[in-house]
Amino acid sequence: MDPRLLDDLIDWLRIPSVSTGGGDPAAIEQAAAWVVARIQAAGGTGELVRIGAGNPLAVGRLAARDPRAPTVLIYGHYDVQGPGPAELWTSPPFDPEIRDGRLYARGAADDKGNFLPLFHVACAMAAAGELPVNVRVLVEGEEETNGDAVGAWVRDDTESADAAIVFDSGMPDPQTPVITVGLRGIVMLTLDVRTAERNLHSGMYGGSTLNALHVMNHLLAQVLPGPDGRLREELRAGILPPSPAEVESWKRLIPGAQAIADAGGRPVHKGAGAEYYERNGADAALDVNELIGGEPRTVVPAHAHATVSMRLAPGQDSEEMLAVLTGLLRAGVPDGAELELSSHRAPPALFDPSQPALQLAAEALRRACGREPAFLRTGGSIPIVAELAGKGFPVIVGGFGLPADAIHAADESYELHSLEWGEAASRELYLALAQLPARAAR
Ligand SMILES: [Zn+2]
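Asker: Outline the coordination of the zinc ion, listing residues and values.
Answerer: Donor atoms from the polypeptide that coordinate the zinc ion comprise D110 (OD), E144 (OE), E144 (OE) and H408 (NE2), at 1.9 to 2.6 Å from the metal. Taken together, the four donor atoms coordinating the zinc ion and their angles of 54 to 137° define a geometry best described as irregular. Donor residues for the zinc ion, ordered by position in the chain, follow D-x33-E-x263-H. A residue pair is termed long-range when its members are at least 10 positions apart, and D110 in the loop between β5 (102-104) and α3 (112-127) and H408 in the loop between β17 (395-398) and β18 (413-415) qualify at 298 residues. Taking the relative accessible area as the measure of exposure, H408 reaches 41% and is therefore partly exposed.

Asker: Pulling in residues and values, what's your account of the pattern of salt bridges?
Answerer: Summed over all chains, the structure comprises 27 salt bridges. Measuring nitrogen to oxygen at the nearest pair gives 3.2 Å for the salt bridge that ties D95 to R14. Taken together, the residues D95 in the loop between β3 (71-77) and β4 (97-99) and R14 in the loop between α1 (3-13) and α2 (25-41) connect sequence positions 81 residues apart. With a relative accessible area of 37%, D95 lands in the partly exposed category.

Asker: I'd like to hear about the side chain of S169, residue by residue, with values.
Answerer: When you line up the elements, S169 lands in the loop between β7 (163-167) and β8 (178-183). Exposure remark for S169: the relative accessible area of 11% places this residue in the buried category. If we skip the residues at most four places from it in the chain, S169 touches N114, T180, T378, V397, G398, G399, F400 and G401.

Asker: A description of the sheet that holds β5 should follow, citing residues and the corresponding values.
Answerer: Reading across from one edge, β4-β5-β18 is the order of the three strands in this open sheet, with antiparallel pairing throughout. Both outer strands of the open sheet, β4 and β18, are each paired with one neighbouring strand and no more. The sheet shows a mean angle of 30° between the axes of neighbouring strands, taken without regard to direction. Summarising the sheet, β5 and β18 pair through three bridges and their orientation is antiparallel. Each bridged residue has a counterpart across the sheet, and for Y104 the counterpart in β18 is S413. Most of the contacts of helix α13 (residues 416-433) go to β18, to which it runs at about 60°, and overall it touches β4, β5 and β18.

Asker: Can you explain the sheet that holds strand β11 (residues 285-293)? Please cite residues and give values.
Answerer: The sheet built from four strands is open, its strands ordered β11-β13-β9-β14 with antiparallel pairing. A strand with exactly one partner marks an edge of an open sheet, and here the two such strands are β11 and β14 (338-346). Here the strands of the sheet are splayed against their neighbours by 15° on average, with no regard to which way each runs. With 10 bridges connecting them, strand β9 (residues 185-194) and strand β13 (residues 303-312) associate as antiparallel partners.

Calculation criteria
Sequence order as written defines residue numbering, which begins from 1 separately in each chain. Only residues with pLDDT of 70 or above have their local features reported here, since the model is predicted, and side-chain atom pairs are shown and tallied only from 80 upward, although totals for entire chains, interfaces and linings are computed over all residues. Excluded from the side-chain calculation are hydrogens and water; included are all heavy atoms of the structure. For Na, K and Ca the donor cutoff is 3.2 Å, while for all other metals N, O and S atoms count as donors only within 2.8 Å; water does not appear among the atoms, so some sites may look incomplete. Under this scheme a four-donor centre is tetrahedral when all angles range from 85 to 135 degrees, a four-donor centre is square planar and a six-donor centre octahedral when opposite donors are above 155 degrees with the rest from 65 to 115, and any other centre is irregular. Each helix is a run of DSSP H or I of at least 4 residues and each strand a run of E of at least 2, with the numbering of both proceeding from the N terminus. In this scheme, a residue with accessible area under 20% of its type's maximum is buried, one over 50% is exposed, and one in between is partly exposed, where area comes from a 1.4 Å probe on protein chains only. Salt bridges are defined by distance alone: a side-chain nitrogen of Lys or Arg within 4 Å of a carboxyl oxygen of Asp or Glu. Whether two residues touch is decided by their heavy atoms; if any such pair falls within 4.5 Å, the residues are in contact. Pairing between strands is defined by DSSP: at least two bridges between the two strands are required. Here the axes come from fitting lines to C-alpha atoms, over the contacting stretch only for helices, and the angles between their N-to-C directions go from 0 to 180 degrees.

The values are spatial; any link to function lies outside them.
See below:
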């Protein structure tokens, strides 16, 4: 590994660019400017772009040695989650430390450590006059807060690209590099049920008045999965089945039951573990994330609150699914109760592994890692991927994150081996994508 890659990462990780919970505006600014300074030092052009009141985007361009080469847009995010309670960290979150082959810091994996090799290699190749593709750099600062600045930038962008690379994803095990070809979308709902002006005495009113927790229970029952973990058919409309190439490549991954056990989870029923990759990537799911109401006394609660997230499988329409979901919930509200709903949503994305950019990417990963990559659908959602796909770019979603990285949690870390694979893969990706026909306007 280029020692400057590790030095650069440690330097970037020292900037506490937290965007959640109000964030740290000075550090946000500093982490974005850090990116622009590196583009300029490599001989490229870069600037901070501000859209509305959002955190700045670091946007730039590094020129290929041959200007007629194809153009590749690379995406990452410089913002990080808040560190949470300091006492849960073995070493301070913004004082990076290497222990047992892992670099520990907030952002070590999500997304500074995952993204930086892609950026670092482009800068190094540009500085050496060896960059085989034109690289457009897009690094945002609102990924952890669902900000839309980057979405607005992508929608308004009039320059094109021949492919995009997003390193904000990972692998189920350290042996198998992955190209993520499907990402689930999301519909996020908060529900507030009100059934009375105030909590009532259960002796005086129990049995004759509406109970907000009972109503909430009834509403959630309309949309919860059955005992097999599958949702009702209305909520699975539009799902596209995985291609044979995807299903075949899952055999190279650790068994699904083990992936669940490694995370400390338990399968929803016997046999669900074997279907992990299909369930997690190619089916819809709904989870109650939070349920609040009542008090530990003899009351008839007047108010109940819930947060529900539904993951949409590739093929599903987020607007349509939001309508179906809210329709089922509203139909269950009894006379006299009020349901208040708020929502946000992001569409799913799916890429055909047989398209040229993905085939070139698979060959690049094979050369870089010495292993056959798997085409995987991930259960997570990266809204920018759907935005980029909407522009017609083939998007190569990759990265070398691992389940043990503890992203968003205390003691977040990234394997030095993942950094090495990231560096090798980035170089091979740029070389491989130079073979794409260049269509992008420059
Ligand atoms: Zn994150």
